Amino acid sequence: MDVFRIEGPVRLSGTITVNGSKNASLPIMAAAVLAPGKSRLKGAPRLSDITVFAQLLEDIGCKVSTESDGTVSIDSTSIGKPVGEYDIVRKMRAGICILGPLLARVGRAQVSMPGGCAIGYRPVDIHLRGLRELGAQIRLENGYIVADAMRGLCGNEIFLGGPFGSTVLGTANVMMAATLAKGTTVIESAACEPEITDLANCLNTMGAKITGIGSPRLVIEGVKQLKPFDYQVIPDRIEGGTFMVAAAITKGCLHIRNCRLGDLMAVAALLRNIGVTVETENSGCIVACSGPVKPTDITTQPYPGFPTDLQAQFMALLALAEGNSIIIEKIFTDRFMHVAELARMAADLRKEGSAVIVSGVKKLIAAPVMASDLRASAALVLAGLAAEGTTVVNRVYHIDRGYEKIEERLNPVGAKIIRESD
Ligand code: EPZ
């Protein structure tokens, strides 16, 4: 397993480019199953999650290849085995979003229950409720979701809200299934994340009839058939937000290209409130910070609220603020694996249920730390950039799931990160 050795403190300065969105690419790859033929997804990031999803598609019978420019080609002409195997889905829980497309395309599916992960229990009850309301018969058998809709799916009015608000992949699953259902489906309390908007836009290029895109009320008029897509994925807003924090935590100045500030309004507003300069610039933004940041309060919420996927990164930043901040995690209430590791670097943190009180300290001290989930690991890298000394981040494969060769993109703007195999 690889480790990162990170020399700090450094000051980042220069231009860095954001890659295509992982969380838009995954459901769009699943959408290829809806239309027999060859689809092409341009701009997908080269990440292990994308590779694993490609394995899942090949396992069900698709032919998947990646062209030299990163374009992912998916030929879904024949779906021989509508089964999402445990061994694949357990590695990448987004595999659950193959369920809706398989039900719509072949009328049956078996997909492993995704199980939990480092950020806590990850139920799929709302996915299943939505698909049942489209007429699917669904039962659980030996850890698998066994679904059947041999008589086809029927449009319906579906409420997809849950105790934590909307569900991103649940909306993806039900929306994709509804595109080929008989009649019209209304999804109330749909997720409004940009990744869902991107998926809906892609589905409409395939011949789907979706309106209300970007709003919590989606209307999907079922059609008989869809055609393959040739689609360019949006930039990864979470990677963009992570680079914004990298500029702030190192008191640097980064020109972040291919970063849509419109997808990061809550994040930009919060950075400006704590004294970080954020300016729009052509295809991206310029983020700069010259002194310590002010403390603030953060509560994670469904889009357009503050994204849970940037909570850990902002905790690293606020650990160096001039005063006390409170971070409340409302989406994944256990998403705090990074707290103990940041505390090893002298961050002063106190966890109170699903909230963490962050008392700002003058400096962070380098230490060996353990990556746990994708975004917690990014937070440790950011802390290592600012900490005094050499931070060693273990289990870097967590970072590689969501950030393509992050050290090769941060080092040219001033980071000193060496990847070693331990
Ligand atoms: C997506 O996960 C993202 N993953 C996550 O990003 C992101 O953190 C999350 O949305 C929230 O924005 C991908 O897109 C691949 P949810 P998803 O269903 O769809 C509860 C990353 O770091 N819930 O929106 O699985 C759930 O437990 C990853 O890139 C139910 O109760 O998340 C959570 O509390 C991590 N029942 C809340 O809803 C359900 O059936 C939101 O989860 C489904 C979800």
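A. Summary view of the site of the ligand. Taken together, 24 residues form the shell around the ligand, and within it Asp-125, Ile-126, Thr-167, Asp-309 and Ile-331 come nearest. At a separation of 3.0 Å, an oxygen atom of the ligand approaches a polar side-chain atom of Asn-23. A distance of 3.1 Å is found between an oxygen atom of the ligand and a side-chain nitrogen or oxygen belonging to Arg-122. Isolated, the ligand exposes 830 Å² of accessible area, and the fraction of that covered by the protein chains is 91%. Of all the elements in the fold, those that place two or more residues in the shell around the ligand are α1 (22-31), α5 (125-133), α6 (168-178) and α12 (374-386). With 3 residues, α5 is the largest single contributor of residues to the shell around the ligand. When residues are assigned to domains, the shell around the ligand turns out to be shared by domain 1 (2-19 + 235-421) and domain 2 (22-232), each giving three or more.

B. Seen up close, the domain arrangement of the protein chain. Domain boundaries assigned for the protein chain yield domain 1 (2-19 + 235-421) and domain 2 (22-232). Each of domain 1 and domain 2 was reduced to a C-alpha centroid, and the two centroids are 30 Å apart. Domain 1 puts 24 residues into the contact, and the matching count from domain 2 is 20 residues. Contact between domain 1 and domain 2 buries roughly 1800 Å² in total, counting both sides, with carbon and sulfur atoms accounting for 53%. Taken together, domain 1 and domain 2 are joined by 3 salt bridges.

Criteria and cut-off values
- Residues numbered from 1 in each chain as written.
- Predicted model: local features only at pLDDT ≥ 70, side-chain atom pairs only at ≥ 80, totals over all residues.
- Heavy atoms only, no water.
- Near = heavy atom within 4 Å.
- Polar contact = N/O pair within 3.5 Å; in protein donor to acceptor, adjacent residues only side chain to side chain.
- Areas by Shrake-Rupley, 256 points an atom, 1.4 Å probe, with all protein chains shown as cover.
- Helix = DSSP H or I, 4+ residues; strand = E, 2+ residues; numbered from the N terminus.
- Domains from an automatic or database assignment.
- Contact = heavy atoms within 4.5 Å.
- Buried area = accessible area lost by both parts, 1.4 Å probe.
- Salt bridge = Lys/Arg side-chain N within 4 Å of Asp/Glu carboxyl O.

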